[in-house]
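Geometric and topological summary
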Amino acid sequence: MSGAPRELTLYLRRWCHLCDELIEALEPLIAGQGISVREIDIDEHEEFEDAYGEHIPVLCAGDRELCRHRLDEGAVRAYLLESRA
């Protein structure tokens with residue numbers, strides 16, 4: 001994956017406290033790693049309602065789900081190592 005842009009996608013709802021907590025915990029993990037986070041508010045994108053509904057936040061790397069509800073630090077760290085290779 002070296003050289004490819006690295007982006008995570010976070011499916012969330014703006015009013016969700018778990019979403020806020022995940023973002024807060026994620027930021028120091030990815031700081032300085034050259035990773036962007038694309039936030040998709042499922043209240044504004046109803047096409048994701050069936051997939052995620054109340055099961056948010058969901059953090060993905062491409063089609064790969066890294067975690068849902070709470071940050072899985074181990075999964076994010078593993079992605080960071082893999083995506084540097």
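Attention here is on the structure that accompanies the text.

Calculation rules
Residues numbered from 1 in each chain as written. Predicted model: local features only at pLDDT ≥ 70, side-chain atom pairs only at ≥ 80, totals over all residues. Heavy atoms only, no water. Helix = DSSP H or I, 4+ residues; strand = E, 2+ residues; numbered from the N terminus. Buried < 20%, exposed > 50% of the residue type's maximum accessible area, 1.4 Å probe, protein only. Pairing = 2+ DSSP bridges. Axes fitted to C-alpha atoms, helices over the stretch in contact; angles between N-to-C directions. Contact = heavy atoms within 4.5 Å. Salt bridge = Lys/Arg side-chain N within 4 Å of Asp/Glu carboxyl O.

Considerations on unusual backbone geometry
A cis amide bond links isoleucine 56 to the next residue, proline 57, at an omega of 0 degrees. You can see proline 57 is positioned in the loop between α2 (49-52) and β3 (58-61).

Section: the pairing of β3
Of the two faces of β3, the one lined by Val58 and Cys60 and the one lined by Leu59 and Ala61 are each fully buried. By the bridge criterion, three bridges tie strand β1 (residues 6-12) to β3 in an arrangement that is antiparallel. When the sheet's bridge partners are listed, threonine 9 is paired in β3 with cysteine 60. Two successive antiparallel strands, β3 and strand β4 (residues 64-68), enclose a turn made up of two residues, where glycine 62 displays a positive phi of approximately 65 degrees.

Side note on the sheet that holds strand β2 (residues 35-41)
Strand pairing in a sheet relies on backbone hydrogen bonds, with the paired strands running either antiparallel or parallel. What the four strands build is an open sheet, ordered β2-β1-β3-β4; its pairing is mixed. Across the chains shown, the open sheet's two edge strands, defined by having one partner strand only, are β2 and β4. Shown here is a sheet whose adjacent strand axes are inclined to one another by a mean of 25 degrees, direction ignored. Sheet topology note: the β1/β2 ladder contains seven bridges and is parallel. Each bridged residue has a counterpart across the sheet, and for tyrosine 11 the counterpart in β2 is isoleucine 40. Packed onto the sheet, helix α1 (residues 17-30) meets β1, β2, β3 and β4 and runs at close to 165 degrees relative to β1.

Notes on the pairing of β4
Of the pairings in the sheet, the one linking β3 to β4 comprises four bridges and is antiparallel in character. Bridging across to β4, alanine 61 finds its partner in arginine 64.

Quick word on the pattern of salt bridges
Inspection of every chain in the model, using the stated rule, returns nine salt bridges. A salt bridge links aspartate 41 to arginine 14, with the nearest nitrogen and oxygen atoms 3.9 Å apart. Note that aspartate 41 is positioned in strand β2 and arginine 14 in the loop between β1 and α1, a separation of 27 residues in sequence. Residue classification places aspartate 41 among the buried residues on the basis of a relative accessible area of 6%. The closest approach of N and O atoms between glutamate 65 and arginine 68, which form a salt bridge, is 2.8 Å. Connected via shared salt-bridge partners are Arg13, Asp43, Glu49 and Glu54.

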